[in-house]
Amino acid sequence: MARKAQIIDGKKISAEVRAELKAEVAAIKAKGLIPGLAVVLVGENPASQIYVRNKTKACEEVGIKSLQHTLPGTAKEEELISLIRALNADSGVHGILVQLPLPAHMDSDSVLDLISPSKDVDGFHPYNMGRLMIGNALLQPCTPYGIMRLLDSTGTDASGKNAVIIGRSNIVGKPMAMMLLKRNATVTICHSKTKDLPEKVREADILVAAIGRDRFVKGDWIKEGAIVIDVGMNRAPDGRLTGDVDFEAASLRASHITPVPGGVGPMTIAMLLKNTVAAARKASGL
Ligand code: NAP
């Protein structure tokens, strides 16, 4: 059977977002404002080092000034707290990102709570989560924010649609639910204790899978014509990068589907840049 689904091309759409931001940054620079992002890395975690490098490079490409602050893995929590306080007070810094995970001796939640909500470009601060919850978001978590842009690219109106989200993390599942609810979708959040998951998924006009399990969602769970967004980033036994959805089988039934890689992944950094520019504009009233 031939593939039915149109591919939602996250690489292309994220490049569009970055191009829009580049133009926006050039325009605000002409008015004397240079958006600045401080990226804080604690320790030598190799994956974190790569993420930080990618974020710094992406900033440079659109004209955001990025400042990296590295603390040794042995640093005391107080050192990180003083750094965050200094960055909160620095008017040239509009966004602060603390790369997770932090070393085990640090309490991530209390550290993240110290970031000024107006500079919280990851959108993880309880204040920003609360704003999202009441439908009046300030800075939104980047991955679900990027997913909304992918959904918009399909031309679909989520209003009245059944949206099913698998996963209830604070960084993806829960904020995703709030964003879809705001668009008037009827939202169901599923998790590891959900009964009859395949039946729930069969109701989904819009499916967001954020589980972290290699091709867990099977093709025959997918409703004909559904939009399938695959957030998962997994390693298959053969070493390939895979999503949470069986892409080939789901493509036979879905109307639109994101690939892994090249779907949701590239959007996350693009939306971090978007949040940084938004934070800079808000801080300076531009
Ligand atoms: P997480 O915090 O580990 O949450 C996973 C969720 O999946 C949990 O809510 C869990 O349920 C649920 N789950 C696990 N097994 C399940 C099962 N058998 N049936 C139904 N639900 C099940 O993960 P996350 O941080 O949200 O990330 C999810 C995936 O997205 C990972 O692969 C991650 O690498 C990827 N990701 C990608 C990006 C990107 O930019 N592309 C960004 C973030 C995350 P319980 O709550 O009941 O445990």
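Right above here is the structure, for reference.
Here is a short report on the structure shown in this document. (Residues numbered from 1 in each chain as written. Predicted model: local features only at pLDDT ≥ 70, side-chain atom pairs only at ≥ 80, totals over all residues. Heavy atoms only, no water.)

Scanning the model with the defined rule gives eleven salt bridges in all. Arg149 is the partner of Glu20 in a salt bridge, and the nearest nitrogen-oxygen pair spans 2.6 Å. Of this pair, Glu20 sits in helix α1 (residues 10-30) while Arg149 sits in helix α6 (residues 142-153), and the two are 129 residues apart along the sequence. Between Asp214 and Arg215 there is a salt bridge, with the nearest N and O atoms lying 2.7 Å from each other. Beyond isolated ion pairs, a larger network of salt bridges with shared partners links Glu199, Arg202 and Asp220. (Salt bridge = Lys/Arg side-chain N within 4 Å of Asp/Glu carboxyl O. Helix = DSSP H or I, 4+ residues; strand = E, 2+ residues; numbered from the N terminus.)

Counting residues in hydrophobic clusters, the biggest one holds 49 residues, and the most contacted among them are Leu37, Ile64, Leu180, Val208, Ile229 and Val231. Two domains share this core, each providing at least three of its residues, namely domain 1 (32-118) and domain 2 (141-264). Core analysis: the next-biggest nonpolar cluster, separate from the first, contains 19 residues, Ala5, Ile166, Cys190 and Ala209 among them. (Core = buried A, V, L, I, M, F, W, Y, C linked by side-chain atoms within 4.5 Å. Buried < 20%, exposed > 50% of the residue type's maximum accessible area, 1.4 Å probe, protein only. Domains from an automatic or database assignment.)

So, on to the site of the ligand. Taken together, 22 residues are adjacent to the ligand, and Arg168, Ser169, Ser192, Met233 and Thr268 come closest. In the environment of the ligand, a nitrogen atom lies 3.1 Å from a nitrogen or oxygen atom belonging to the side chain of Arg213. A distance of 3.4 Å separates an oxygen atom of the ligand from a polar backbone atom of Val231. For the ligand, whose accessible area on its own is 930 Å², the fraction buried by protein is 72%. Its residues assigned to classes, the shell around the ligand comprises ten nonpolar, ten polar and two charged. (Near = heavy atom within 4 Å. Polar contact = N/O pair within 3.5 Å; in protein donor to acceptor, adjacent residues only side chain to side chain. Areas by Shrake-Rupley, 256 points an atom, 1.4 Å probe, with all protein chains shown as cover. Nonpolar A, V, L, I, M, F, W, Y, C, P; charged D, E, K, R; others polar.)

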